[in-house]
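Now for the letters of each chain:
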There are 2 protein chains.
Amino acid sequence: MAAVRALVASRLLASSAFAPLHACTPRAPLHSSAPRPGARVALVLSGCGVYDGTELHEASAVLVHLSRGGAEVQIFAPDIPQMHVVDHAKGQPSESETRSTFAVDGKDCKVHEDVERVLKEFHKASKPIGLCCIAPVLAARVLRGVEVTVGHEQEEGGKWPYAGTAEAIKALGAKHCAKGVTEAHVDQKNKVVTTPAFMCETELHHIHDGIGAMVKKVLELCGK
Amino acid sequence: MAAVRALVASRLLASSAFAPLHACTPRAPLHSSAPRPGARVALVLSGCGVYDGTELHEASAVLVHLSRGGAEVQIFAPDIPQMHVVDHAKGQPSESETRSTFAVDGKDCKVHEDVERVLKEFHKASKPIGLCCIAPVLAARVLRGVEVTVGHEQEEGGKWPYAGTAEAIKALGAKHCAKGVTEAHVDQKNKVVTTPAFMCETELHHIHDGIGAMVKKVLELCGK
């Protein structure tokens, strides 16, 4: 039986080429799972930290759960300059350019053309797609009428500081389904699975478990 | 009841000042657990990646499991230049100096003086100490007769590529106890808990689970 493919993307991606992240070893390549029978999964990351790209705990949790699910993972990232590079000791950009992203442009955001292409091609081929944190906005932007979650729709005293994102998702023509941080929403028709992750201010293990729920559902949709 | 303190250290540390890693937010401080009743844990990291410091998946796994165990975590790191800075795209040092570490000097390694002080002070005060991957060498170097594990003592076809470390641990006067990657060894007398983590070439979820076992035992020794 041919391996089924899935896409799991972490956080929002900006604007032109896509490159696999190569191993930089003599040790295990990025400590990803060794090839073995299972779902073949493309993990799409961007940047290298919560303020200029993929949140590290989210990336690690995705890889832990894909490993547990027996997936064969290949990691990809846009091979382009970042919008800005953040000094993680200060939490501030250490240089700046302008590039179109949701964080800057809201519902008028543009999506990296290769990310848009891959999402549309996976969707057209009925391959499952998993997205966490702010990344569900990508699906809302490029897959009309898709159902996604970025968590709750009210701030609830700071627990959901980015709750306004749900309205932006609706404005993009998608359906927002409120979910808790340890849950994943499954759009069965579109095979799109989403989880809030760090859209919620909560303890790290809840983020880990929510991403686990997302990965499990993606692999189930792969028939794994 | 006064909170009990534990120390969890990840990977080997080099040679002079110790500084808490400050939050760089407006978001949750390093996504660590929010303060709440539970064990008070100092997490000691160094550098920022597998070739020049703490392995990221190990650091994330420690924080996930401490969060699940309800610990209150503060993160520390030596506030000194690294031995070398690694270009993680190439897996090679991008500059070099010399500084004494186990990776370079084996059993004749020197231990960062504040790390040695903290380990000895925690030990003297009967506070539990957790160490993963190569970090158990630190305990072997500074706590005479301690029992630790860095995994198996034979390479077993590449599964334990750093198996020779066990001999170095014995040469330092410590006892090496062979353990599997998902296990933790508990030295009850010294309250030192160790797990092999990435001393083993295996799937990521096994590393995650082994670190979970270490954290659980450390928190149990705290009476949590």
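Predicted model only: the values in this text are computed from it and were never measured.

Topic: the pairing of strand β7 (residues 129-132) of chain B
Residues in a regular strand project their side chains so that they alternate between the two faces of the sheet. Residues and elements named next belong to chain B. Residue alternation in β7 divides its side chains into two sets, Ile129 and Leu131 and Gly130 and Cys132, and both sets are buried. Here β7 runs beside strand β11 (residues 192-195); their pairing, made up of four bridges, is parallel. When the bridges of β11 are listed, Gly130 appears paired with Val193.

Description of the side chain of Ser60 of chain B
Of note, Ser60 of chain B is situated in helix α1 (residues 56-68). Discounting chain neighbours no more than four positions away, the residues touching Ser60 of chain B are His57, Ser60 and Leu204 of chain A.

What about the pattern of salt bridges?
Residues and elements named next belong to chain A. Under the definition given, this model contains 14 salt bridges over all chains. The partner of Glu153 in a salt bridge is Lys170, with the nearest N and O atoms 2.9 Å apart. Note that Glu153 is positioned in the loop between β8 (147-148) and α5 (165-171) and Lys170 in helix α5, a separation of 17 residues in sequence. The class for Glu153 is partly exposed, based on a relative accessible area of 26%. Notably, a salt bridge pairs Glu220 with Lys217, separated by 3.8 Å at the nearest N-O pair. Linking Glu220 with Lys217, this pair stays in helix α6 (residues 204-221), spanning three residues, or about one helical turn. On the basis of relative accessible area, Lys217 is assigned to the partly exposed category, the value being 35%.

Quick look at the packing of aromatic side chains
In the structure shown here, the tally under the stated rule is zero aromatic pairs over all chains. Over the aromatic face of Phe122 of chain A sits the side chain of Lys127 of chain A, whose NZ or CZ is 5.2 Å from the ring centroid.

So, unusual backbone geometry
For Ser126 of chain A, which is not glycine, the phi dihedral falls at a positive 55°. Following the sequence through the fold, Ser126 of chain A ends up in the loop between α3 (113-124) and β7 (129-132). Its identity as a non-glycine residue notwithstanding, Lys191 of chain B has a phi of 55°, on the positive side. Lys191 of chain B gets classed as partly exposed once you look at its relative accessible area, which sits at 23%.

Observations concerning helix α1 (residues 56-68) of chain A
Residue and element names in this part refer to chain A. Relative to the 18 Å expected for 13 residues at 1.5 Å per residue, α1 spans 18 Å between its end C-alpha atoms, a close match to the ideal helical length. Looking only at α1, the buried set comprises His57, Glu58, Ala59, Ser60, Ala61, Val62, Leu63, Val64, His65, Leu66 and Ser67. The N-cap residue of α1 is Glu55: its side-chain oxygen and the backbone nitrogen of His57 are 2.7 Å apart. Two residues or fewer past α1, Gly70 is found with a positive phi of approximately 75°.

Notes on the pairing of strand β4 (residues 72-78) of chain B
Residues and elements named next belong to chain B. Counting buried positions over the seven residues of β4 gives five, a clear majority of the element. Two elements, strand β3 (residues 40-44) and β4, share five bridges in a ladder whose sense is parallel. Bridge pairing in β4 links Arg40 to Glu72.

Details of the environment of Val73 of chain A
Residue and element names in this part refer to chain A. The topology assignment puts Val73 in strand β4 (residues 72-78). Through-space distance from the C-alpha of Val73 to that of Gly164 is 33 Å; in sequence the pair is 91 residues apart. Beyond its immediate stretch of four places on either side in the chain, Val73 contacts Val41, Leu43, Leu63 and Leu66.

Conventions used here
Starting from 1, residues in each chain are numbered consecutively following that chain's sequence as written. The order in which chains are written sets their letters, starting at A; the order in which ligands are written sets their numbers, starting at 1. Note on the predicted model: pLDDT of at least 70 is required for a residue's local features to be given, and 80 or more for side-chain atom pairs to be given and counted; whole-chain, interface and lining totals, by contrast, use all residues. Hydrogens are left out, water is left out, and the side-chain values use all remaining heavy atoms of the structure. Residue burial is assigned from relative accessible area. The probe radius is 1.4 Å, only protein chains are included, and a residue is buried under 20% of its type maximum, exposed over 50%, and partly exposed in between. Note on conventions: DSSP H or I runs of at least 4 residues are helices, E runs of at least 2 residues are strands, and numbering of each starts at the N terminus. Paired strands, as defined in this entry, are two strands with at least two bridges between them according to DSSP. Note on contacts: a residue pair qualifies if any of its non-hydrogen atoms lie within 4.5 Å across the two residues. For this analysis, a salt bridge means a side-chain nitrogen from Lys or Arg found within 4 Å of a carboxyl oxygen belonging to Asp or Glu. Ring pairs shown here join Phe, Tyr and Trp side chains whose ring centres sit within 6.5 Å, with only the six-membered ring taken for Trp; geometry is labelled stacked below 30 degrees between planes, edge-to-face above 60, and tilted in between. Both a distance and an angle decide whether a charge sits over a ring: NZ of Lys or CZ of Arg must be within 6 Å of the ring centre and within 35 degrees of the ring normal. To estimate how far a helix should reach, multiply one less than its number of residues by 1.5 Å. Any pair of N or O atoms that falls within 3.5 Å is considered a polar contact. Within protein, one atom must be able to donate a hydrogen and the other to accept it, and sequence-neighbouring residues count only if both atoms are side-chain atoms.

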